[in-house]
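Report on the structure
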Amino acid sequence: MTRRLQALRVGNFKAFADTQRIPLKPITLIFGPNSAGKSSFIHSLALAHEAQFGREKRSLARLDVHHTDVGGSAIDLGGFRQYVHRGQLNKRVEWGAELKVSALAQGKNQRLAQLLAPVSSVALNIALGIELDDQDRPRPGAEPRVDSIEIIGDGAELVRMSRRPATVRSDAHAGHLRLDRLASDHAVFRQVLKAIVEAQTTSEEMRPEDFDGANEAIASLLPELVVRVDQFFPSSVELPKTDGGDISPVSMLFPVSKGNRKEDIAQAVRFVLPRTLNDLIKGLADALADDLKQLQYLGPLRSFPPRHLAFAEHEDANWYAGGGYAWDVVRRDDAVRDAVNGWLGSSKLKTPYKLVVRSLVALDQIEGAIEEKLAEENFASIEGLTHDREWVEIAKASDDSPLLPQNAMDHLLDVRGAISDPERAAVQIVKTIEKSDSDRIRELVLVDQRTNTVVTHRDVGIGISQVLPVLVMAYGSRGKLLAMEQPEIHLHPALQAELGDVFIEAALGERKNTFILETHSEHLILRLMRRMRETYQRKETGVPSVTPADVSVLYVEPDGTRSIVREMPLNELGELVKSWPGGFFEEGLREQFGDA
């Protein structure tokens, strides 16, 4: 992800009535009272992700979903009738995203960046609705759909497109969008028209009067253009009347004669502009889809896997949203496991636990390897060694020397007369097993380093199991859009503060993740404010520098039957520029000094 997503816009969705602009920075914190709607805009992201990338479920439309792939069962949208604000079906749900144009000039987005060069930001806003009858009831078989899309450059409309009803039953383009308006006098399109004349015609310059002919061509062209919306974002601009449907210009110059200049320029505009509009609209949709595809979500209720993780079922509906996948990542990825252990075992936290992976092998593999060793020592058999045919563990000692299960080791010691060096034989036997079995089952356990006792996550406080998915998302992701609800849940206040450093490192360090955190934790924001102050004072903290440009603090506040989003800016000292609305986070002071 290239940090080009600057803000989201959400309106008539769940708690939000009027469209709210939600500014995004590398770390975005969302605060507010319970049931204020803090999670609403995270849920709108899940809806957009499902509409663009999800599969149809139980014959429901993409926009009429209850559960999303990214949200599992943690996000229950309830279908369009539930997530439209107050169930008002005659209203349109609004969703939009704002991108930073300078960040688009990378890779396949260079053409888009060139077209949008006159503006610093561009937004794509989508309105969702459902077809109603004259009594504001959904028509039989009606499904939610994209009704209109507009593209905004620096706050001014560039293009608007909307759905038209089919004029005849056989209309092949019924259901697609048609272009309503194109701001030909906007700097973006003035640049486009100038480029068409100077690059695609024999004229060397665009004269002021030439715009009149170009505008007339645009007015006649717009009704003919069709915008396809196959998922959620527009996918192409088509000109049905063009032979073969190819709107790409050929390598040719349109002649412009002195006596017929206006008509000649109009012809060039009619031929080239559809391709340019396709580059603009599809290019913007593709860029936004690339960013949205990086979304990962972690819900407030994390999975609590069974005792033996090696045999746990996985890839269920909550595999990602519930954090179950995190245990598998830690089990398989040594680098992530080391990072998590580094956090758990830091001198500040003093957590006594360390995550360790142990290999599981079948007992018959051990018996076979011992038989082979005994044969080398001219010892006949290990009959009677054990009759336990279940899986057993081979643990690695602190010096990485593998040890056999105790019952096997005891037997080797019993036959020390036949085997000259039982300890060395045990090591050789384990190496034989490891060499012959490259697909050993890896079991994840916790070691209590105070007593060197092996335990599982079921034997320790629930806080460890709840924070592990948070740590894995932070340490195991690169360039992702990570949305979390209550990352601090079940954590001691000191650990909540330390999570602040985790997010700073994962967002502003080499991983370059973007975090959206719905939280109640004052300790988390205090750590970020402290690091911001230390950055200003040029203190060495061990984490990347933090400035007001890196952290967005939002407060979601109920206002009658709706909720509004307030931005809470921070200064360079990490101080709030204005006070929390309604005395938020002042409960502690009231408890100490307030009246009973």
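Bear in mind the structure is a predicted one, so any value in this text is a computation, not a measurement.

Turning next to the overall build of the chain. Each helix and strand in the chain was counted, giving 15 helices and 21 strands. Counting the 596 residues in the chain, one finds 53% classified as buried. As displayed, the chain has an accessible area near 28300 Å², and 46% of this comes from carbon and sulfur atoms.

Closest axis-to-axis distance for the helix α4 (residues 187-200)/helix α6 (residues 261-292) pair is 10 Å, and the angle between their directions is 125°. Comparing their axes, α6 and α4 come out oblique. Judged by the sense of rotation from one axis to the other, the crossing of α4 with α6 is right-handed. Of the residues in α6, those in contact with Phe189, Val192, Leu193, Ile196, Val197 and Gln200 of α4 are Ile265, Ala268, Val269, Val272, Leu273, Thr276, Leu277 and Leu280. Per-class residue counts for the contact of α4 with α6 are twelve nonpolar, two polar and no charged.

Okay, the packing of aromatic side chains next. With the rule as written, the count across this model stands at ten aromatic pairs. The interplanar angle of 45° and the centroid separation of 5.5 Å between the aromatic rings of Phe13 and Tyr83 together place this pair among those described as tilted. With Phe13 in the loop between β1 (5-11) and β2 (20-23) and Tyr83 in helix α2 (residues 80-83), this pair connects stretches of sequence that are 70 residues apart. The same class applies to Phe13 as to Tyr83, namely buried. In this arrangement the basic side chain of Arg190 is found over the ring face of Phe211, its NZ or CZ atom lying 3.5 Å from the centre.

Compared with the 20 Å implied by 1.5 Å per residue over 14 residues, the 20 Å span of helix α1 (residues 40-53) between its first and last C-alpha is a close match. With 13 of its 14 residues buried, α1 lies for the most part within the structure.

What follows concerns the sheet that holds strand β20 (residues 551-559). Pairing between sheet strands relies on hydrogen bonds along the backbone, with the strands arranged either parallel or antiparallel. Ordered in space as β13-β18-β19-β3-β20-β21, the six strands form an open sheet in which the pairing is mixed. Strand pairing shows two members of the sheet lacking a second neighbour, β13 (295-298) and β21 (562-567), which therefore form its edges. Taken pair by pair, the neighbouring strands of this sheet meet at an average axis angle of 20°, ignoring direction. Bridge analysis of strand β3 (residues 27-31) against strand β19 (residues 514-518) gives four bridges, and the strand direction is parallel. Residue pairing in the sheet places Thr28 in a bridge with Ile516 of β19. Running at roughly 165° to β13, helix α12 (residues 462-476) makes contact with β13, β18 (481-485) and β19 of the sheet.

Moving on, we get to the environment of Ser148. The residue Ser148 is located in strand β8 (residues 145-153) in this model. With a relative accessible area of 5%, Ser148 lands in the buried category. Between the C-alpha atoms of Ser148 and Ala127, which are 21 residues apart in sequence, the distance is 5.3 Å. Setting aside residues no more than four positions away along its own chain, Ser148 makes contact with Arg92, Asn125, Ile126, Ala127, Arg160, Met161 and Ser162.

Counting residues in each nonpolar core, the largest one holds 97 residues, and the members touching the most others are Trp95, Leu116, Leu128, Phe232 and Phe233. Sorting elements by how many residues they give to this core places α6 first, with 15 residues.

Predicted confidence across the chain gives a mean pLDDT of 83, with 78% of residues reaching 70 or more. Low pLDDT, under 50, characterises residues 242-250; the predicted model gives this stretch 13 contacts beyond four residues in sequence or across chains. Across residues 379-404, confidence stays below pLDDT 50; counting only partners more than four residues off in sequence or on other chains, it has 63 contacts.

Among the secondary structure elements, Leu128 is positioned in strand β7 (residues 121-129). Considered as a pair, Leu128 and Val146 are 18 residues apart in the sequence and their alpha carbons are 4.7 Å apart. Excluding residues within four positions of it along the chain, Leu128 makes contact with Leu47, Leu63, Phe80, Tyr83, Lys91, Arg92, Val93, Arg145, Val146 and Phe232.

Turning our eyes to something else, we now look at the pattern of salt bridges. Side-chain pairing between opposite charges can occur once the charged atoms of the two side chains come close. Considering all chains together, one arrives at 35 salt bridges under this definition. Between Arg332 and Asp328 there is a salt bridge, and its shortest N-O distance comes to 3.0 Å. Of this pair, Arg332 and Asp328 both sit in helix α7 (residues 324-332), four residues apart, which is roughly one turn of the helix.

Next up on the list: the sheet that holds β8. Read from one edge to the other, the open sheet built from nine strands follows the order β2-β1-β6-β7-β8-β9-β10-β11-β12, with strand pairing classed as antiparallel. The outermost strands of the open sheet, each flanked by one partner alone, are β2 and β12 (236-238). Adjacent strand axes in the sheet meet at a mean angle of 25°, parallel and antiparallel pairs treated alike. In this structure, β8 lies alongside strand β9 (residues 156-163), joined through six bridges in antiparallel fashion. Pairing of Ile151 across the sheet is with Val159, part of β9. The sheet contacts of α1 involve β1, β2, β6 (93-100) and β7, and relative to β1 the element is tilted by about 95°.

Below, the discussion takes up a negative patch on the surface. On the surface, a cluster of negative charge is contributed by Glu204, Glu205, Glu209 and Asp212. Its location among the elements puts Glu209 in the loop between α4 and α5 (210-221). By relative accessible area, which is 46% here, Glu209 ends up partly exposed.

Residue placement: Gln52 occurs in helix α1. Within the local environment of Gln52, its side chain forms a polar contact with the backbone nitrogen of Phe233, the two atoms lying 3.0 Å apart. Ignoring sequence-local partners within four residues, the contact set of Gln52 consists of Arg62, Gln231, Phe232, Phe233 and Ala289.

A separate point is α6. Taking 1.5 Å of rise per residue, 32 residues should cover 46 Å, and α6 covers 45 Å from first to last C-alpha, within 8% of that figure. Of all the bends in α6, the largest measures some 35° and sits at Val272, one to four residues before the proline Pro274. Within α6, 23 of the 32 residues are buried, which leaves it mostly tucked inside the rest of the structure.

What counts, and at which threshold
- Residues numbered from 1 in each chain as written.
- Predicted model: local features only at pLDDT ≥ 70, side-chain atom pairs only at ≥ 80, totals over all residues.
- Heavy atoms only, no water.
- Helix = DSSP H or I, 4+ residues; strand = E, 2+ residues; numbered from the N terminus.
- Buried < 20%, exposed > 50% of the residue type's maximum accessible area, 1.4 Å probe, protein only.
- Areas by Shrake-Rupley, 256 points an atom, 1.4 Å probe, with all protein chains shown as cover.
- Axes fitted to C-alpha atoms, helices over the stretch in contact; angles between N-to-C directions.
- Parallel < 35°, antiparallel > 145°, perpendicular 65-115°, else oblique.
- Left-handed = near helix turned anticlockwise from the far one by under 90°.
- Contact = heavy atoms within 4.5 Å.
- Nonpolar A, V, L, I, M, F, W, Y, C, P; charged D, E, K, R; others polar.
- Phe/Tyr/Trp six-rings, centres within 6.5 Å; stacked < 30°, edge-to-face > 60°.
- Lys NZ or Arg CZ within 6 Å of the ring centre and 35° of its normal.
- Expected span 1.5 Å × (residues − 1).
- Pairing = 2+ DSSP bridges.
- Core = buried A, V, L, I, M, F, W, Y, C linked by side-chain atoms within 4.5 Å.
- pLDDT = per-residue confidence, 0-100.
- Salt bridge = Lys/Arg side-chain N within 4 Å of Asp/Glu carboxyl O.
- Patch = residues over 30% accessible without salt bridge, like charges linked within 9 Å, V, L, I, M, F, W, Y side chains within 5 Å.
- Lys, Arg positive; Asp, Glu negative; His and termini not counted.
- Charge placed at Lys NZ, Arg CZ, Asp CG, Glu CD.
- Polar contact = N/O pair within 3.5 Å; in protein donor to acceptor, adjacent residues only side chain to side chain.
- Bend = angle between axes of the 7 residues up to and from the residue.

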